[in-house]
Amino acid sequence: MAHRILIVDDEPSIVVPLEFLMKREGYEVEVAADGQAALDALERSAPDLVILDVMLPRLNGFDVCRRIRDAPRWRGLKILMLTAKGRDSEMQRGLELGADAYVTKPFSTRDLVARIRALLGGAA
Amino acid sequence: MSTVTHELRTPLTSIRAVSEILLDTPDVAPDEQRRFLAIIVKETERLTRLINQTLDMAKIESGNADWHTSELDVAEVVRDAVDATAQLFREKRVTLAVSAARPIPSVRADRDRLVQVLLNLLSNAVKFCAPGAGRVEVRIAPADGAVRVDVADNGPGIAPGDHETIFERFKRLGDTPEERPQGSGLGLAISRRIVEHFGGRLWVESDVGKGATFSFTLPLDAPAPTGDGEPARAAG
C-alpha cells in the first residue's frame, strides 16, 4: 500500500510542485494550508509522514510538531520540517521538538525525495 | 534583513522546485507543463517586485533616493493615479468616486513619488473590498496649512491595535495566499517614508467592520527637503 503524506504549507506556489512531486513518487497526498488544518487532517486520516512548513497561519509548524509529539496516538509519524529560515538555531529547535528531518528552502527536489524515501524506509 | 531573506526564499523555492520537476519528469502533461511555467513567471514577477521595492526602501532610508520636487496640483496627480488603477476597479467591480474641494493650493513634492503613494493606497483599497459591493472614495481638501488626501474603502477594516503594524515592513494582515504575490509587504512602509520626506503624515483610521480610511497630508510651505534625504519633519 502506498505511503500517505500530508503537506502543510500556505503557499500555493510551493504546494503545487510538492504535491506533484510526491504523487510522482507514488505517494498518496493530502494538503493542509495552516497549522490547525494540519491537526484536523491528522485526526481524519493517518499519514505516514508530514511535510511541515514552519511559518503557518493560525498555528505555526513548531507548535504543530510539539502537538504531534505530545500525542501518543501519532507515534511513528515522521515529520520533515521545511522552512525559509536557514538559521541553525531554527533547525536545532525543530529537531529538539522531535522533527525527523529539517530541510531549508529552496531545496533540491531530488534531495527532498531521497530524504523522504529514507524516512519511510525505502519503498514508496 | 532576515525577513527579506525569508521573503526571497519563498519564490525561489517555488521556481527551483517547479523547474527541477520539469527537467526530471519525462512525461508531464501539456496542461500541467503550462501550469508550472505560469508559476515560474508569476514567482519571477513577485521576486522582481520584492527586489525593486527592497532597493527602493534602502535608497530612501539611506538618503540616496533622487527626489524631483516640483509644484504640483494634487487633484491632477490623483486623476493620473485613478486612471492607472481603473482596470483594477473594473475587474473587481468596485466603484471609485473622487471629490476635490476647490480651489486646492498646490504643494511641492515629487510627482512620481506621489503617484507611487496613491497607487499603493488605491490598490490596497480595491484589494480588500468585496467584489461587486466595494466602494472607494478619494477626497482632496485643504487642511490646516496642508493638502489632505483621504482614500476611504468599505472593506473589512483594521483593528485599532494593528493601525501602526501595517506600516511596518512585511507585516501583512489580510492577504490570502492567492493575493500575496501582489503585495511585497513594503508598500505602506515606503509610502509613509515618501510622505514624511515632504513633511507630511500618512495614517489610517479604521475599525473592524467599518472600512478603512488612509489619509496623508502634504504641507503647503514644506521646508525644502534636506539634500541628504532625511525626512523633512526632522528639519521642522
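Each chain has its residues counted from 1, running along the sequence as written. Chain letters start at A and ligand numbers start at 1, both assigned in the order the entries are written. Predicted model: local features are reported for residues with pLDDT of at least 70 only, side-chain atom pairs are reported and counted for 80 or more only, and whole-chain, interface and lining totals are derived from all residues. Where side-chain values are given, they derive from all heavy atoms of the structure, hydrogens and water being excluded.

A.B. asks: Explain the overall build of chain A here, please?
C.D. replies: From N to C terminus, chain A includes five helices and five strands. Note on conventions: DSSP H or I runs of at least 4 residues are helices, E runs of at least 2 residues are strands, and numbering of each starts at the N terminus. Element order for chain A, N to C, with α for helix and β for strand: β-α-β-α-β-α-β-α-β-α. Radius of gyration means the value over C-alpha atoms here, while the globule rule gives 2.2 Å times the residue count to the 0.38 power. Here chain A has a C-alpha radius of gyration of 13 Å; the compact-globule value for 124 residues is 14 Å, and the two agree. Each principal axis of the C-alpha atoms in chain A carries an extent, and together these give about 30 × 30 × 25 Å. Taking all 124 residues of chain A together, 52% fall into the buried category. Here the analysis covers contacts within chain A between residues at least 6 apart in sequence; of these, 62% occur between residues at least 24 apart. Methods summary: accessible areas were calculated by the Shrake-Rupley approach with a probe of 1.4 Å, and residue burial reflects only the protein chains presented. Carbon together with sulfur atoms contributes 48% to the accessible area of chain A, which is approximately 5400 Å² in total. Exposure categories follow from relative accessible area, calculated using a 1.4 Å probe and restricted to protein chains: below 20% of the type maximum is buried, above 50% is exposed, and the middle band is partly exposed. Between two residues, a contact is recorded if the distance between any of their heavy atoms is within 4.5 Å.

A.B. asks: I'm lost on the packing of aromatic side chains in this one. Help?
C.D. replies: Here a ring pair, both rings aromatic, is described through the centre-centre distance and the interplanar angle of the planes. Ring pairs shown here join Phe, Tyr and Trp side chains whose ring centres sit within 6.5 Å, with only the six-membered ring taken for Trp; geometry is labelled stacked below 30 degrees between planes, edge-to-face above 60, and tilted in between. This model, assessed by the stated rule, comprises three aromatic pairs over all chains. For the ring pair F20 of chain A and F36 of chain B, a centre distance of 5.1 Å and an interplane angle of 85° mean the geometry is edge-to-face. Taken together, the residues F20 of chain A in helix 1 (residues 12-24) and F36 of chain B in helix 2 (residues 30-62) connect one chain to another. For F36 of chain B, a relative accessible area of 0% gives the class buried. Here the aromatic rings of W67 of chain B and F198 of chain B are separated by 5.3 Å at their centres, their planes lie at 85°, and the arrangement is edge-to-face. Taken together, the residues span a long stretch of sequence, with W67 of chain B in the loop between helix 2 and strand 1 (69-72) and F198 of chain B in the loop between helix 5 (187-197) and strand 6 (202-206) at a distance of 131 residues. An identical accessibility class is assigned to W67 of chain B and F198 of chain B; each is buried. Only when the NZ atom of a Lys or the CZ atom of an Arg is both within 6 Å of the ring centre and within 35 degrees of the ring normal do we say a charge sits over the ring. Its end group placed over the ring of W67 of chain B, R113 of chain B keeps NZ or CZ at 5.3 Å from the ring centre. When the ring centre of W203 of chain B is taken as reference, the NZ or CZ atom of R201 of chain B above it lies at 4.1 Å.

A.B. asks: Is there a simple way to explain the interface of chain B and chain A in this structure?
C.D. replies: By a widespread convention, an interface's size corresponds to the accessible area lost as its parts come together. Contacts between the two partners involve 24 residues from chain B and, on the opposite side, 21 residues from chain A. Of all residues in chain B, H6, R9 and T13 of chain B bury the most surface against chain A, accounting for 26% of the area lost on that side. Salt bridge, as used here: a side-chain nitrogen of Lys or Arg that lies within 4 Å of a carboxyl oxygen of Asp or Glu. Counting the contacts that link chain B with chain A gives two salt bridges. A salt bridge links R110 of chain A to D24 of chain B, with the nearest nitrogen and oxygen atoms 2.9 Å apart. Any N or O atom pair separated by 3.5 Å or less is treated as a polar contact, with the protein-specific requirement of one donor-capable and one acceptor-capable atom, and with residues adjacent in sequence counted only for side-chain atom pairs. Applying the counting rule to chain B against chain A returns seven residue pairs in polar contact (both at pLDDT 80 or more). Residue contributions to the side of chain B that touches chain A peak at 13 residues, all from helix 1 (residues 2-24) of chain B. A quick way to say it: buried area is the sum, across both parts, of accessible area lost when two parts are put together, with a 1.4 Å probe.

A.B. asks: Whenever I open this one, the sheet that holds strand 5 (residues 101-104) of chain A confuses me. Can you help?
C.D. replies: The strands making up a sheet associate through hydrogen bonds between their backbones, and the pairing can be parallel or antiparallel. Residue and element names in this part refer to chain A. Following DSSP output, two strands are said to pair if at least two bridges run between them. Strand order in the open sheet formed by five strands is 2-1-3-4-5, and the pairing between neighbours is parallel. Edge positions in the open sheet fall to strand 2 (28-32) and strand 5, since each of these has one partner strand only. The sheet shows a mean angle of 20° between the axes of neighbouring strands, taken without regard to direction. Sheet topology places strand 1 (residues 4-8) next to strand 3 (residues 49-53); four bridges connect them, and they run parallel. Residue pairing in the sheet places I7 in a bridge with I51 of strand 3. Helix axes use the C-alpha atoms of the stretch in contact, all axes being lines fitted to C-alpha atoms, and the angles between their N-to-C directions lie in the range 0 to 180 degrees. Relative to strand 4 (residues 78-83), helix 5 (residues 109-119) is tilted by about 160°, and along the sheet it contacts strand 1, strand 3, strand 4 and strand 5.

It is worth stressing that arrangement in space is one thing and function is another; only the former is reported here.
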